[in-house]
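If you want the building blocks of each chain, they are given just below.
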Amino acid sequence: MNVADIVHRLRSSAYSPLVIGGIGLAAGALGLSAAVFSGLAGSGDAVAGSLTLLALLAVHASFVLGVLLGGDGRWWIFGAQVWLTYLPLPLFGAAWTPVCGLLAGGLLLLTGRIRSPVLVALALACGPVLLAFPDVADRGWAVAAPAVGLLEYVIVHLVLRGDRLSDAHAEAIGKAVSLERRRFTRDLHDLLGHRLTALVLKLQLLQRLVEEDDEKAGAELEVTVSLVRGLAADVRAVAHGTRGLSLEAELSSASALLESVGVRCQVQVSCRELSPGEAEALTHALREGVTNVLRHTEAKECSIHLMERHNLVRLTIRNDGASPRRKTESAGQGLFNVAERMAMLGGWLEATPAPEGSFTFTVYLPHNR
């Protein structure tokens, strides 16, 4: 944390720990100043005492600010405070005794970084030690100095603790927003990308059937309308973060879609009942694999196998018609999303092209029941 951070936080919230703590410290400093000014009033040292007190407050404030910034406070500043605390005593007398509370607070603040009982003992003694010089000390303030220092120590550490908690809270909110943004982006791609790809293919097929005056155009129109309705439902699902995916229904839909565009499809399933999270992840993987078949190949045959062996579920989509120059699309958004979903459940993704023009898309998912 630096000065700019402190200024930003002071401006960002009237109820931030820094603001509340700063008000408390300022109130304490004003109280001590009022006691000193009251003691100096009417004496010939009022002006000199006031100027010296202002200098002492500036030095102490600089030291406390150094602690708030994450350091120990500079030692030369603390040394200056020691001199400004004790050297003026013979001149200003008992009226100067209250400032020993500031010195006690500074010593206690040092113990936050330097764990030493000596510092604690000095903090407790810096006021009472003046009782040995009754001519230049106010007994009440001399005894109260350790309590004043302890109060300042508590306020500063509460400010630091509250500031850290505020940072942790802001970080947690930021992570939650980032995760939700990532979820929205991932679902938008995975849910809508497949629908849009299928819709484009269906519209192209419908256009060709209409141009050829084929009687199948009416049936294809109904399928296209169904796809549009499904797309609208997916948009609502993404917007509201709801889940309505069925792996069984998606397997049937994938087979029907591939067959409708001229790709012979074989589906084989041999798997125990899956948890909702596992089924959802595999459904997204299935959609991405089928989308890749439709979008990036001129496939004539495709096989979809969902198997389980040794507590490991494997979904494999193998197709022909892939371009020989096609490379594994590990950097693509769709495969990246699938790999991310699998990794969240302890699984992984493999996408491997073969020289003869086939392409295999496989995901593995641990399944323990």
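To keep things clear, this report deals only with the structure shown in the data block.

Turning to the sheet that holds strand 5 (residues 359-366), a few remarks are in order. With mixed pairing, the five strands of this open sheet are ordered in space as 1-2-3-5-4. The sheet is open, and its two borders are formed by strand 1 (264-270) and strand 4 (348-353), each paired with just one other strand. Between one strand axis and the next, the sheet turns through 10° on average, direction left out of account. Direction of pairing for strand 1 relative to strand 2 (residues 301-309): parallel, over a ladder of seven bridges. Across the sheet, Q268 pairs through a bridge with H305, a residue of strand 2.

Let's shift gears to helix 10 (residues 247-260). Look at helix 10: 20 Å from first C-alpha to last across 14 residues, which is about the 20 Å you get at 1.5 Å a residue. Among all positions of helix 10, only L247, E250, L251, A254, S255, L257 and L258 are buried. For helix 10, the angular spread of the buried residues around the axis is 165°, confining them to a single face.

Turning to the nonpolar core, a few remarks are in order. The biggest cluster of nonpolar side chains holds 33 residues, and the ones touching the most others in it are L258, L282 and I304. For this core, the secondary structure elements donating two or more residues are helix 10, helix 11 (276-296), strand 2, strand 3 (312-319), helix 12 (333-344) and strand 5. The greatest single-element share of this core, amounting to eight residues, is contributed by helix 11. When near neighbours in sequence (up to four residues on either side) are disregarded, I304 contacts L251, A254, L258, C265, Q266, V267, Q268, L286, V290, L315, T316 and I317. Within the second largest apolar cluster, 21 residues are counted, among which are I77, L109, L110 and C126.

To continue, consider unusual backbone geometry. Phi angles above zero are rare outside glycine, and H310 is one such case at about 55°. Owing to a relative accessible area of 70%, H310 belongs among the exposed residues under this scheme. One non-glycine residue, N311, lies in positive phi territory at about 60°. Take N311: it is sitting in the loop between strand 2 and strand 3.

Using the criterion set out here, one finds three salt bridges in the structure. For the salt bridge of K175 with E171, the shortest nitrogen-to-oxygen distance reads 3.5 Å. With K175 and E171 both in helix 8 (residues 139-211), this residue pair falls four residues apart, about one helical turn. Assessed through its relative accessible area of 46%, E171 is described here as partly exposed.

Calculation notes
- Residues numbered from 1 in each chain as written.
- Predicted model: local features only at pLDDT ≥ 70, side-chain atom pairs only at ≥ 80, totals over all residues.
- Heavy atoms only, no water.
- Pairing = 2+ DSSP bridges.
- Helix = DSSP H or I, 4+ residues; strand = E, 2+ residues; numbered from the N terminus.
- Axes fitted to C-alpha atoms, helices over the stretch in contact; angles between N-to-C directions.
- Expected span 1.5 Å × (residues − 1).
- Buried < 20%, exposed > 50% of the residue type's maximum accessible area, 1.4 Å probe, protein only.
- Arc of directions from axis to C-beta.
- Core = buried A, V, L, I, M, F, W, Y, C linked by side-chain atoms within 4.5 Å.
- Contact = heavy atoms within 4.5 Å.
- Salt bridge = Lys/Arg side-chain N within 4 Å of Asp/Glu carboxyl O.

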